[in-house]
Amino acid sequence: MKIDSQIRIVLFCLSACPLLFLSWLVIKGALGPDPAKTLALFTGEWTLIFLLVTLSTSSITRRSSRVVNLVPYRRQLGLWTFLYASLHVLVFDALYLGFDYSLFVSEFQERPYISVGGVAWFCLLLLALTSNRRSLARLGAVGWKKLHRLIYLAVVLAAIHVIWQIRADWLEAAAYSLVGALLLIERALPKTVVFWSKNDQPT
Amino acid sequence: MKECAFDITPEDVYLNRRKFMQASVGATLLSTGLAASAGENKALRFKSAQSGSSFATEETLTPFRDASTYNNFYEFGLDKSDPAKLAHTLKTKPWSVVIEGEVNRPGTYNLEDILKSHPLEERVYRLRCVEAWSMVIPWVGFPLADLLKRFEPSSKAKYVYFETLHDSKQMPGQRSFFTTLEWPYREGLRMDEAMHPLTILAVGMYGKTLPNQNGAPLRLVVPWKYGFKSIKSIVKIRLQKERPKTSWEMSAPQEYGFYANVNPNVDHPRWSQKFERRLPAASLFKPNRIETQMFNGYAEQVAHLYKGMDLSKFY
């Protein structure tokens, strides 16, 4: 087996860990007295983590002059992001709103942090739907790239979604926003700025 | 200091707790055991509540384990499970309470001396958190009015101000750099709210002294207001002319007002207050979502206090 597919499998197993842990908590009935809230927080936090990890793959590849090439794993990480985000949305719709459509509409209209989160999820949906090779061929490399810049919007909207919910503690919101901002700023830096180049030789 | 049953943690309980904490790294969502075992707290003598009265709802009680492991007490951390894990550092004995301001008998009083003249009674109240979850808790305490009367408020006393202990050595949450709350935690009531028979000072719940995470040794319980009004671990009570600034009001005045009455018609800017999740959930897919009642179901007793007030303005 090629090292590449081995990495993919390891990545898959690692990415599934939060989900397995969560399933174990559900089966054990160990989500605490307010399982809806526990699930919403858990899936939300992991969505943020996966979103940042996905975004960092091309940054690391670029700044290491492709010595570390993570681009081949970007799609899998992106799909995991979408999975955790979708679970997060499902928990909100099912457990908070009880699939009450009118309540859903009013929450979406009246609470900007929910609408912002909803739009972010929609961005991720578009990215997930067009993550296959066929879409790449259909859209063309340029079009596909353009569309997939939606991830920048998703990152920013997710940050707003989190910042808008700060109550007593701003650590998590600040940490996410800081890393997200750094990864976006990185994209504006000249390509010559690298922390690792192929020419780096010990002297 | 004299040891009493209240301070002692039997070694095996302590060891089990340690073991649990080690095992729960990464699994902090589990709500097992911990400081919650009721055995650690002293049984109280009190008059049982008459069921069916406004002093005792007949709704199903929230299990002690949930009420004592799912807490908002930011002095001990921001996770609901943090207070149960960390509040053991709070030293509730000896404990004194400063009573000051517009009273004829101000002073610093030992808690035991304060409690001596108050027969304890049980109150089974709904507790509605501003975060849209709720519990039903059997408190043990006495009316705040009885205490205030003893210290003889003057005619200038229009408001009661309360303060929680401020000691970052005992309360690790107060050392956090990332919180928007200013310490000490502050709360307040209008005089008529404070004198209302539903308003109590609690020293216990479920028949025993309060666990630290629930606000030992002395806390306020105002059942028709959002939970954050029911200030914990009180060290200061001041009667005053002006309306005090409360902690949440200071932190986010557009979201938390002085009154904070439970009101399904006035949403929190960021979420609806029309419904609440009565804890614990029956199961994952049955979150026990129920409609929130005006004044948390105590409208008959307290609505007259707010007659003529625009409650969407005085939230």
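Rules and cut-offs
Residues numbered from 1 in each chain as written. Chains lettered and ligands numbered in written order. Predicted model: local features only at pLDDT ≥ 70, side-chain atom pairs only at ≥ 80, totals over all residues. Heavy atoms only, no water. Pairing = 2+ DSSP bridges. Helix = DSSP H or I, 4+ residues; strand = E, 2+ residues; numbered from the N terminus. Contact = heavy atoms within 4.5 Å. Buried area = accessible area lost by both parts, 1.4 Å probe. Salt bridge = Lys/Arg side-chain N within 4 Å of Asp/Glu carboxyl O. Polar contact = N/O pair within 3.5 Å; in protein donor to acceptor, adjacent residues only side chain to side chain. Nonpolar A, V, L, I, M, F, W, Y, C, P; charged D, E, K, R; others polar. Axes fitted to C-alpha atoms, helices over the stretch in contact; angles between N-to-C directions. Parallel < 35°, antiparallel > 145°, perpendicular 65-115°, else oblique. Left-handed = near helix turned anticlockwise from the far one by under 90°. Buried < 20%, exposed > 50% of the residue type's maximum accessible area, 1.4 Å probe, protein only. pLDDT = per-residue confidence, 0-100. Expected span 1.5 Å × (residues − 1). Bend = angle between axes of the 7 residues up to and from the residue.

Visitor: Got a sec to walk through the pairing of strand E1 (residues 96–101) of chain B? Specific residues and values, please.
Guide: Residues and elements named next belong to chain B. Judged from the four bridges that link them, E1 and strand E2 (residues 107–110) form a sheet pairing that is antiparallel. Bridge pairing links Val98 to Thr108 in E2. Bridge count between E1 and strand E10 (residues 234–240): four bridges; the pairing is parallel. Counted as the bridge partner of Glu100 is Arg238 from E10.

Visitor: Can you tell me about the interface of chain A and chain B, naming the residues and giving the values?
Guide: Each side of the interface is counted separately: chain A has 31 residues, and chain B has 37 residues. In this assembly, chain A packs against chain B so that about 2,800 Å² is buried in total across both faces, 61% of it on carbon and sulfur atoms. On the chain A side of the interface with chain B, the three residues burying the most area are Pro33(A), Arg167(A) and Ala168(A), jointly 28% of the side's total. Between Glu131(B) and Lys37(A) there is a salt bridge; the shortest N-O distance is 3.5 Å. Our enumeration of links across chain A and chain B arrives at 14 residue pairs in polar contact (both at pLDDT 80 or more). With six residues, the single largest contributor to the side of chain A that touches chain B is helix H2 (residues 35–63) of chain A. Among the residues making up the side of chain A that touches chain B, the classes are represented as 20 nonpolar, three polar and eight charged.

Visitor: Lay out the packing of helix H5 (residues 112–129) of chain A against helix H7 (residues 150–163) of chain A in plain terms, naming residues and giving numbers.
Guide: Residues and elements named next belong to chain A. It is at 8 Å that the axes of H5 and H7 come closest, and there the two elements cross at 155°. If you check the angle between H5 and H7, you find them roughly antiparallel. Considering only the axes of H5 and H7, their crossing is left-handed. The segment H5 lies against H7, with Tyr113, Val116, Gly117, Val119, Ala120, Cys123, Leu124, Leu126 and Leu127 engaging Leu150, Ile151, Leu153, Ala154, Leu157, Ala158, Ile160 and His161. Looking at the contact of H5 with H7 residue by residue, the class counts come to 15 nonpolar, two polar and no charged.

Visitor: I'd love a proper account of the side chain of Thr81(A), names of residues and values included.
Guide: Residue and element names in this part refer to chain A. Take Thr81: it is sitting in helix H3 (residues 74–96). Since its relative accessible area comes to 1%, Thr81 is described here as buried. Within the structure, the side chain of Thr81 is placed 3.3 Å from the backbone oxygen of Phe50, a separation counted as a polar contact. Within the structure, the side chain of Thr81 is placed 3.1 Å from the side chain of Thr54, a separation counted as a polar contact. Those residues in contact with Thr81, other than ones at most four positions away along the chain, are Thr47, Phe50, Leu51, Thr54 and Leu124.

Visitor: With reference to specific residues and values, describe the confidence of the model for chain B.
Guide: All names here are of chain B. Chain-level pLDDT for chain B is 87 on average; 87% of the residues reach the 70-or-more range. Every residue in residues 1–39 scores below 50 in pLDDT, and together they form 60 contacts with partners more than four places removed in sequence or on other chains. At the level of chain-chain contacts, confidence expressed as ipTM amounts to 0.78, with global pTM at 0.83.

Visitor: So what about H2(A)? Which residues, and what values?
Guide: All names here are of chain A. Helix length check: H2, at 29 residues, gives a terminal C-alpha distance of 42 Å against a target of 42 Å (1.5 Å per residue), a fit within 8%. Of all the bends found along H2, the most pronounced is centred on Ser56 and spans about 30°. The element H2 is largely enclosed, with a buried count of 22 among its 29 residues. Ser65 occupies a position one or two residues after H2 and carries a positive phi of about 50°.

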